[in-house]
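This is what each chain is made of:
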Amino acid sequence: MSEKLTPMMEQYQNIKNKYEDAILLFRLGDFYEAFFEDAKLLSEATQIVLTSRNGYPMAGVPYHSLDQYLKKLIDAGYKIAICDQIEEASKSKKLVKREVTRIITPGTIIEENLLNSEVNNYILLASFLNDQYILVAADISTGDMGIASSEDSEDISDIINKLNPSQLILQENLKEQRKYIVPANSDIFTEYLEDWNFAYSSSVEYIKSFYDIVSPDFLELSKEEIIALGALFKYLEGTHLDVLKHLNYPRSLMGTDSMYIDSDTIENLSLFPSRKKGSLYSSIKATLTSMGSRKLKEWLLNPLNDRKKIEKRLDYVEALFHDGDILNNIRSCLKEVYDIERIVSRLATGKAIPRDLHSLRKTLQILPEITEQLSSMSVFDEIVSNFPDTLEELSLLENGVMENPSSVVGSGEVVEYGFNKELDELRELLNNSKKCLKEFEREEKRKSGINNLKVKYNKVFGYFVEVPKGQTDRVPDYYTRKQTLVNAERYITPEIKEFEEKVLGATERIEDLERAIFNNLCDELNKSLKKFKQISELLSELDVYQSNAYIARRSKYCRPLFTKERNMYLKNSKHPVVENFVSDFVSNDIYFDKENSFYILTGPNMSGKSTFIRQVALNVIMAQMGSFVPAEDAVMPVYDRVFTRIGARDDLAGGVSTFLVEMMETATILSKATENSLVVLDEVGRGTSTFDGISIAWAVSEYIYEAIGCHTVFATHFTELTELSSMYENINNLTIKVAERNGEIIFLHKLKAGVASRSHGIEVARLAGIPELVLERASEILKVIVKTSAIDKTVKVLSTDELTKIKKKKKRKMHRDQTTLFDNQ
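In this text the structure is predicted, and so the values were computed from the model without any measurement.

(A) A look at the overall build of the protein. Along the protein, the regular secondary structure elements total 26 helices and 26 strands. Taken along its principal axes, the extent of the C-alpha atoms in the protein is 120 × 70 × 70 Å. Looking at the protein as a whole, 51% of its 825 residues are labelled buried. Counted over contacts in the protein with a minimum sequence separation of 6, partners at least 24 positions apart contribute 67%. Of the roughly 39,600 Å² of accessible surface on the protein, 48% is carried by carbon and sulfur atoms.

Spelled out as structure tokens, the structure:
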């Protein structure tokens, strides 16, 4: 590197000093360049060539293909600062002014081709203020906002896991607690904000500015929540994104209007795609728009717990379920709908491109057909009436934007012909320029007699006449020599110079004029952002309704009936995911009431215990999110929460063993379940010694039955637990039918009342290919252990005093939790 930097490099270095934590992309002509260490990082992440300039590293990417390189940088975990020229080089006699116009991080992306269309892109801010953990969530690409507060860091951690953000901002005082808030193996892009960013007065001002309101009081947030929300807005302002026009008011992320499903349950039930085969989301997804796909995920994460709201959703689904013609017509229409939810964000932030306006136009054009289809069913009257009138906006788009616009504003191929007279005249001039040049070329050939004379153009010399060397003696006097080549001479004429000035002036004017017209179009459309957001919400919900109806028709699902009683009945229910992979899936029944509130399910491995308890939980979640369910008949109460404890998992990176994970998940259930919850358990206590495991499983079962009293299915290999049914009148035993033929076991996957005769573990080991010699020895050992290790079944039923004490402790804890939730809201 040279000792003294050039003026341009001094300008670069001064700007870089302000953004040391980001890769600075510095606009130079048609390229964004990076220098020094940034150049090395850019080269490594994008596999572009690393060069040098005056001895220091340099790498650059073309400005017109910036997005594809941004994606690679974001995926590699970098923060990027975009530095643009803020004045035209031709108008500046000195060094062109440059400033950072955008900071791009994983959580502030709004560009369509950098986002996953089916997934929200959340940026989260977590803070710790006055003994309260506060979490603020924002999806800049859609405008969604949420907020939560809790005294328990586990609640915040759970929400982070559920939302799966691309970026996390932590108050600096949480740096030491990060491992308790974020999974140890998480690769979430994380930044820290110093405590001074969390000031009440400045937060109030940021909130008032972003939402354009007089006071944040009507948001009904606590002082701590206002501070955290303002801190996030302050961070967003620093990214140079104008987000105030489209961000929604924050909703509660721990509200009481939806069923509580923790992140462990989400993973245990495979609600969403992972490395495992199949997910509920994938199995019931027949949405046709990106907005609908995101809405389906949102509803699965937050099933309703209000019976009237659930029934309303089911009414819409049922109407479409029974009218296949309208359903198919709606589906055809939705295929023409674009992601206007994210188009709104780009309009609001000044980042809209011609394709966005074209997509908005197409969507508005299909709306009348959608409302016409819905109008034929009275159940949709309210939805139809909520679609706003967009005739003016559609007229503006149809008249102002071409059917297939260019991606480059200023090319003359974006604004529709007839929209601006001056632009039309300039484009006509350019369109005729080739014709004029051909005519000029023919005339010059005639006048000069030089038949191989050519009229050409390049960026350096503009328009010129090219004459072969052997013909130069015939060049007219009014030709002026411009350039000498090996085989030709180039000339200009007064006429061609005049033509060039006219054409180049028209090109420049078209670029400026079309850009101005496009910006004005965007400004006009910005006045209708609320309309577009309302339309996107209605269309996304409609997409989920039709998806639920389509899946229900295809898979022969039934509409669930909700009852105010605490009774639940599933007749011939199936697993909505597994049935897609098994041709002869065996359906089963389950029934809960006062006399049947707790089931202990025993049976051998591979018999279907885990599948059954999962399908019970999945049927409930599907029903409360507004879907038909995979059953012949379904009656159920509205559950406030669904909990699962299934399978063996560890967190070795976090220093947590399989058994500890199992106990932590169980502890969460015992702490947060209520009498109106559904709990499904699988193999609690299997991660430790047999006697310890049975003891824990027994005590957990008693606590759930006596202190909580919720509907529970407990699948286990501990047949000792079935003794509980003889001790407590509402605990019942279920098992899976198994047939033995010619020494082989056959899993029938059908439930029946009773207890498994044995676990058939050795038979399953034989199916897995364990050597016969090992199996024979295992059988011998099993006979000895069964005789010598039988548990003395003399466990006593809890006394009345013990039961009363347990229930009081549980009620006190639930009251504290509810009071805290109420205070936070």
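(B) Fine view of the sheet that holds strand S5 (residues 80-85). Taking strand neighbours across the sheet as the criterion, the six strands line up as S3-S4-S2-S1-S5-S6 in an open arrangement whose pairing is mixed. Both edges of this open sheet fall to strand S3 (51-53) and strand S6 (98-104), since each of them pairs with a single strand only. Between one strand axis and the next, the sheet turns through 35° on average, direction left out of account. This element, helix H2 (residues 36-46), spans strand S1 (23-28), strand S2 (31-35) and strand S4 (56-62) of the sheet and lies at about 50° to S4.

(C) Inspection of the sheet that holds strand S21 (residues 633-636) at higher detail. Ordered in space as S17-S21-S18-S19, the four strands form an open sheet in which the pairing is mixed. The open sheet has two free edges, formed respectively by strand S17 (561-562) and strand S19 (588-592), since each of these has just one partner strand. In terms of strand pairing, S17 meets S21 through two bridges, oriented parallel. Note on S21: the bridge partner recorded for Leu561 is Val635. Each of S17, strand S18 (568-573), S19 and S21 is contacted by helix H20 (residues 609-624), which is oriented at about 115° to S18, the strand it contacts most.

(D) Molecular detail of the pairing of S18. Relative to S19, S18 is paired through four bridges, and the arrangement is antiparallel. Counterpart to Leu570 in the pairing with S19 is Ile590. Two elements, S18 and S21, share three bridges in a ladder whose sense is antiparallel. Within S21, the position partnered with Lys571 by the bridge is Asp633.

(E) The packing of aromatic side chains, seen in detail. With the rule as written, the count across this model stands at 24 aromatic pairs. Both rings, one in Tyr479 and one in Tyr491, keep their centres 5.7 Å apart while their planes meet at 50°; by these two values the pair is tilted. With a gap of twelve residues between them, Tyr479 in the loop between strand S14 (462-468) and strand S15 (480-484) and Tyr491 in strand S16 (residues 488-492) connect regions that are remote in the sequence. According to the relative accessible area criterion, Tyr479 is buried, its value standing at 7%. Grouped by ring-pair contacts, the aromatic residues Tyr12, Phe26, Phe35, Phe36 and Tyr56 constitute a single cluster.

(F) Highlighting empty space enclosed by the protein. Inspection of the entire model under this criterion finds one cavity of 30 Å³ or more. Its volume calculated, the largest cavity comes out at about 200 Å³. Every residue along the wall of the largest cavity is listed here: Val119, Asn120, Tyr122, Ile159, Lys162, Leu163, Arg251, Leu253, Lys297, Glu298, Leu301 and Asn302. Those elements that provide at least two residues to the lining of the largest cavity are helix H4 (153-163) and helix H10 (290-301).

(G) Geometry of the nonpolar core. Membership of the largest hydrophobic core comes to 109 residues, with the highest contact counts inside it found for Leu357, Ile370 and Ile590. The biggest single contributor to this core is helix H19 (residues 529-555), with eleven residues. Setting aside residues up to four positions removed in sequence, Ile590 forms contacts with Met568, Tyr569, Leu570, Tyr599, Phe612, Val616, Val713 and Leu734.

(H) Broad picture of a negative patch on the surface. Together, Asp131, Glu151, Asp152 and Glu154 line one region of the surface with negative charge. Classification of Glu151 by relative accessible area gives exposed; the value is 53%.

(I) Local environment of the packing of helix H6 (residues 200-211) against helix H7 (residues 223-237). Contact geometry of H6 with H7 gives a least axis separation of 8 Å together with a crossing angle of 65°. Taken as a pair, H6 and H7 cross one another with a handedness that is left-handed. Counting all contacts with H6, which are made through Tyr200, Ser203, Val204, Tyr206, Ile207, Phe210 and Tyr211, the residues of H7 involved are Lys223, Ile226, Ile227, Leu229, Gly230, Ala231, Phe233, Lys234, Leu236 and Glu237. Per-class residue counts for the contact of H6 with H7 are twelve nonpolar, two polar and three charged.

(J) Highlighting the pattern of salt bridges. In the structure shown here, the tally under the stated rule is 40 salt bridges. Among the salt bridges present, the one from Lys79 reaches Asp21, with a minimum N-O distance of 2.9 Å. Here the residue Lys79 occupies a position in the loop between helix H3 (66-75) and S5, and Asp21 occupies one in the loop between helix H1 (7-16) and S1, the gap between them amounting to 58 residues. On the basis of relative accessible area, Lys79 is assigned to the buried category, the value being 11%. Taken together, the shared-partner salt bridges connect Glu311, Asp315, Glu318 and Arg559 into one network.

(K) The arrangement of H10 in detail. With twelve residues, H10 should cover 16 Å at 1.5 Å per step; its first-to-last C-alpha distance of 17 Å lies within 8% of that length. The buried count for H10 comes to ten of twelve residues, which makes it a mostly enclosed element. Where H10 is concerned, the buried positions are Met291, Gly292, Ser293, Arg294, Lys295, Leu296, Lys297, Trp299, Leu300 and Leu301.

(L) Broad picture of unusual backbone geometry. With a phi close to 55°, Phe36 is a non-glycine residue in the positive phi region. Mapped onto the secondary structure, Phe36 falls in helix H2. Positioned with a positive phi, Lys556 is a non-glycine residue whose angle comes to about 60°. If you trace the backbone, Lys556 turns up in the loop between H19 and S17. Among the residues examined, Lys556 registers a relative accessible area of 70% and is labelled exposed.

(M) Region of the structure containing the environment of Arg474. Looking at where Arg474 falls in the secondary structure, it is placed in the loop between S14 and S15. Counting along the chain gives 306 residues from Arg474 to Leu168, while the straight-line C-alpha distance between them is 75 Å. A polar atom in the side chain of Arg474 sits 2.9 Å from the backbone oxygen of Gly449.

(N) Looking closely at the confidence of the model for the protein. A residue-level look at the protein finds 90% of positions with pLDDT of 70 or above and a mean pLDDT of 88. Low pLDDT, under 50, characterises residues 817-825; the stretch is placed with twelve contacts to residues that sit more than four places away or in other chains.

(O) Region of interest: the pairing of S14. Counting buried residues in S14 gives six out of seven residues, a clear majority hidden from the surface. Where strand S13 (residues 454-458) meets S14, five bridges bridge the pair, whose relative direction is antiparallel. Residue pairing for S14: Tyr457 is matched across the bridge by Tyr463. Hairpin geometry of S13 and S14 is characterised by an intervening segment of three residues between the two adjacent antiparallel strands. Note that S14 and S16 share four bridges and pair antiparallel. Bridge pairing in S16 links Val467 to Glu489.

(P) Structural context of the environment of Ile600. Among the secondary structure elements, Ile600 is positioned in strand S20 (residues 598-602). For the pair Ile600 and Glu723, spaced 123 residues apart in sequence, the C-alpha separation works out to 9.7 Å. Apart from the residues within four sequence positions on either side, Ile600 is in contact with Phe714, Thr716, Leu721, Thr722, Leu724, Ile731, Asn732, Asn733 and Leu734.

Conventions adopted
Residues numbered from 1 in each chain as written. Predicted model: local features only at pLDDT ≥ 70, side-chain atom pairs only at ≥ 80, totals over all residues. Heavy atoms only, no water. Helix = DSSP H or I, 4+ residues; strand = E, 2+ residues; numbered from the N terminus. Buried < 20%, exposed > 50% of the residue type's maximum accessible area, 1.4 Å probe, protein only. Contact = heavy atoms within 4.5 Å. Areas by Shrake-Rupley, 256 points an atom, 1.4 Å probe, with all protein chains shown as cover. Pairing = 2+ DSSP bridges. Axes fitted to C-alpha atoms, helices over the stretch in contact; angles between N-to-C directions. Phe/Tyr/Trp six-rings, centres within 6.5 Å; stacked < 30°, edge-to-face > 60°. 1 Å grid on protein atoms, 1.4 Å probe; cavity = no way out; pocket = protein on both sides within 12 Å on 5 of 7 lines; lining within 4 Å. Points joined across faces, edges and corners; volume = space filled by probe spheres on them. Core = buried A, V, L, I, M, F, W, Y, C linked by side-chain atoms within 4.5 Å. Patch = residues over 30% accessible without salt bridge, like charges linked within 9 Å, V, L, I, M, F, W, Y side chains within 5 Å. Salt bridge = Lys/Arg side-chain N within 4 Å of Asp/Glu carboxyl O. Lys, Arg positive; Asp, Glu negative; His and termini not counted. Charge placed at Lys NZ, Arg CZ, Asp CG, Glu CD. Left-handed = near helix turned anticlockwise from the far one by under 90°. Nonpolar A, V, L, I, M, F, W, Y, C, P; charged D, E, K, R; others polar. Expected span 1.5 Å × (residues − 1). Polar contact = N/O pair within 3.5 Å; in protein donor to acceptor, adjacent residues only side chain to side chain. pLDDT = per-residue confidence, 0-100.

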